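Remarks on the overall topology
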Amino acid sequence: MDKRTFLKLCSAALSTHVLSPLLAWAQGEKLRNWAGNVTYGTERLTAATSLKDVQDFVKNQIKLKVLGPRHCFNDIANSTDQFLSLTPMNEVVALDPGVRTVTVEAGMTYGQLCPYLDGKGWALHNLASLPHISIVGACMTATHGSGEKNGNLSTAVSALEFVDATGNVVKLLRQKDGDAFRGAVVGLGALGVVTKITLNVQPRFMMQQYVYQNLPLKELTTHFDVIESAAYSVSLFTDWRSESINEVWLKVRMENDPRFDAPPEFFGAKRATKNLHPIIELSAENCTEQMGVPGPWYERLPHFRMGFTPSAGKELQSEYFVPRQNAVEAILAIQRLHDQVSPYLMISEIRTIAADDLWMSPCCQQPSVAIHFTWKQDWPNVSKVLPVIEKELAPFHPRPHWGKLFTFSAKQLQSSYSNLPAFVDLSRKYDLQGKFQNEFLRMYIFTAAS
Ligand SMILES: Cc1cc2nc3c(=O)[nH]c(=O)nc-3n(C[C@H](O)[C@H](O)[C@H](O)COP(=O)(O)OP(=O)(O)OC[C@H]3O[C@@H](n4cnc5c(N)ncnc54)[C@H](O)[C@@H]3O)c2cc1C
């Protein structure tokens with residue numbers, strides 16, 4: 001099922017009675033993720049339009065998963081039983097300037113929220129490379145952008161409402177609920193159906209985006225800290241084919257980074273003379289404005305524009321987080337693998353993320369650098385390269401992105417999360433029978449306790 005059909009089905013639910021089974025309209029199309037590499041194990045997809053819908057539905061199901069806009073590349077969202085879509089629940093519930101928060105329903109995407117917030121004079125601290133994803137779907141997998149001082153998107157969460165396996169409504173607040181809150185925010189969809197989420201906001205701000213080409217690797221490894229702190233958000237794109245980084249994207253917060261005066265050269269890299277796509281061969285039409293043109297935060301922080309296909313489209317993705325202090329060594333380790341990586345790669349991206357305190361976040365208690373791979377859609381070969389990368393990164397304690405492809409064993413993954421046993425206990429508190437578990441969660445999370 002393509003994206004247009006999926007959205008049509010979900011919005012069709014708005015005009016029909018609640019808890020609409022959407023399968024009737026699907027006409028035999030397979031339900032797949034955005035990239036098309038995962039065919040889900042069921043096409044039973046029902047849309048909820050209210051909290052009561054969600055409660056009734058959860059009470060009546062033995063097993064279910066929530067399906068958001070389907071931007072995960074692995075099976076974390078998969079189900080063989082039943083999907084619930086909250087796409088019709090996409091309203092702003094409250095904007096509270098006094099405490100600087102916005103509360104939204106769980107079907108809302110960043111693309112829907114950001115223009116609203118900006119229009120009211122507010123902003124989020126950071127965004128991922130694309131605005132098409134749902135806020136809750138992103139927070140469940142610790143989706144992140146870049147910026148030394150910027151935590152991942154889940155760090156903006158200050159409260160969460162979800163329906164547990166018995167149909168009860170649970171509310172958790174950062175200020176009040178300590179460990180339960182820290183366990184639930186990057187919840188991997190394991191605790192329940194999130195129905196509302198509250199995010200911290202800040203006054204709107206303007207940004208400029210500059211792209212530089214061909215940063216010598218030697219300059220990067222010598223001046224890594226200075227380069228990464230040169231702007232509010234820095235992304236490095238490389239195909240590892242040469243001894244230089246193809247593109248450096250600097251997102252400058254105008255009131256915060258006045259010292260960045262966009263010199264023609266940046267550590268040996270040359271300022272681009274037109275807008276570029278991270279994959280140089282592709283048109284920059286899909287990309288957010290560059291060349292220092294001032295614009296609002298939500299039109300500069302993502303790389304890709306709403307209304308256009310993000311990234312390349314036909315692709316796979318993997319990403320590994322390593323502790324910040326291992327960044328340069330880890331980058332050099334991948335560079336040494338260039339012969340094995342480059343043939344199957346479209347582009348890599350290197351980003352920094354601040355430490356947080358969310359139990360299942362790959363950045364929990366450690367400032368991190370994320371090394372990302374946008375692969376050609378060639379799983380037979382990509383699946384052979386991933387173990388090579390994982391072995392090479394092993395000395396640097398990598399953690400994979402929860403929503404992307406990896407080949408770590410459950411044991412390896414579990415050993416890198418000290419809070420995992422507590423997370424399992426917390427999940428069982430709200431879902432004793434494993435109603436929200438799927439094969440992915442059973443394999444990587446719940447085998448830890450059995
Ligand atoms: C082109 C592209 C670019 C990307 N760029 C980035 C990037 O810059 N940074 C990054 O970190 N990641 C990135 N990703 C990965 C992706 O954004 C995340 O993995 C994200 O989780 C996808 O969210 P979604 O809204 O599509 O939700 P889905 O993929 O549909 O769901 C994600 C998970 O959340 C659960 N879930 C969703 N809604 C609820 C709910 N209401 N209650 C309980 N559980 C729920 C689902 O069951 C599933 O487990 C990118 C992906 C693509 C395709």
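That block above? That's the structure.
Residues numbered from 1 in each chain as written. Predicted model: local features only at pLDDT ≥ 70, side-chain atom pairs only at ≥ 80, totals over all residues. Heavy atoms only, no water.

1. Observations regarding helix 11 (residues 379-393)
In this model, helix 11 (15 residues) spans 20 Å end to end at C-alpha, consistent with the 21 Å of a helix rising 1.5 Å per residue. Looking at helix 11, one finds that the buried residues are Val-382, Val-385, Leu-386, Ile-389, Glu-390 and Leu-393. Taken around the axis of helix 11, the buried residues stretch over an arc of 140°, which confines them to a single face. With respect to the buried face of helix 11, the exposed residues turned more than 90 degrees away are Pro-380, Lys-384 and Lys-391. On the buried face of helix 11, the contacting elements are strand 18 (316-323), helix 9 (327-336), helix 10 (338-341) and strand 20 (368-375). (Helix = DSSP H or I, 4+ residues; strand = E, 2+ residues; numbered from the N terminus. Expected span 1.5 Å × (residues − 1). Buried < 20%, exposed > 50% of the residue type's maximum accessible area, 1.4 Å probe, protein only. Arc of directions from axis to C-beta. Contact = heavy atoms within 4.5 Å.)

2. With respect to the site of the ligand
Neighbouring the ligand are 37 residues, the closest being Val-66, His-71, Ser-134, Thr-141 and His-401. Contact between the ligand and His-144: an oxygen atom at 2.9 Å from a main-chain N or O atom of the residue. The separation between an oxygen atom of the ligand and a polar side-chain atom of Arg-351 is 2.9 Å. Protein chains shield 99% of the accessible area of the ligand, which is 990 Å² for the free molecule. When contributions to the shell around the ligand are tallied by element, the ones reaching two or more residues are strand 3 (65-66), helix 5 (135-140) and strand 10 (193-200). The biggest single contributor to the shell around the ligand is helix 5, with four residues. Across the shell around the ligand, the residue classes break down as 19 nonpolar, 14 polar and four charged. (Near = heavy atom within 4 Å. Polar contact = N/O pair within 3.5 Å; in protein donor to acceptor, adjacent residues only side chain to side chain. Areas by Shrake-Rupley, 256 points an atom, 1.4 Å probe, with all protein chains shown as cover. Nonpolar A, V, L, I, M, F, W, Y, C, P; charged D, E, K, R; others polar.)

3. Examining unusual backbone geometry
Although it is not a glycine, Leu-188 adopts a positive phi angle of roughly 55°. Although it is not a glycine, Trp-240 adopts a positive phi angle of roughly 65°. With respect to the element layout, Trp-240 can be found in the loop between strand 13 (233-238) and strand 14 (244-253).

4. Some details on the packing of aromatic side chains
Across all of its chains, the model carries 19 aromatic pairs by this definition. Ring centres of Phe-406 and Tyr-444 lie 5.0 Å apart, and the angle between their planes is 65°; on these two criteria the pair is classed as edge-to-face. One end of the pair, Phe-406, is in the loop between strand 21 (399-400) and helix 12 (410-415); the other, Tyr-444, is in helix 14 (residues 439-444), with 38 residues separating them in the sequence. With respect to burial, Phe-406 and Tyr-444 carry one shared label: buried. Among the aromatic residues, ring-to-ring pairing joins Tyr-210, Tyr-212, Phe-260, Phe-266 and Phe-267 into one connected group. One residue, Arg-253, lies across the ring of Phe-205, its end atom 3.6 Å from the ring centre. Directly above the ring of Tyr-417 sits Arg-399, whose terminal nitrogen or CZ lies 4.7 Å from the centroid. (Phe/Tyr/Trp six-rings, centres within 6.5 Å; stacked < 30°, edge-to-face > 60°. Lys NZ or Arg CZ within 6 Å of the ring centre and 35° of its normal.)

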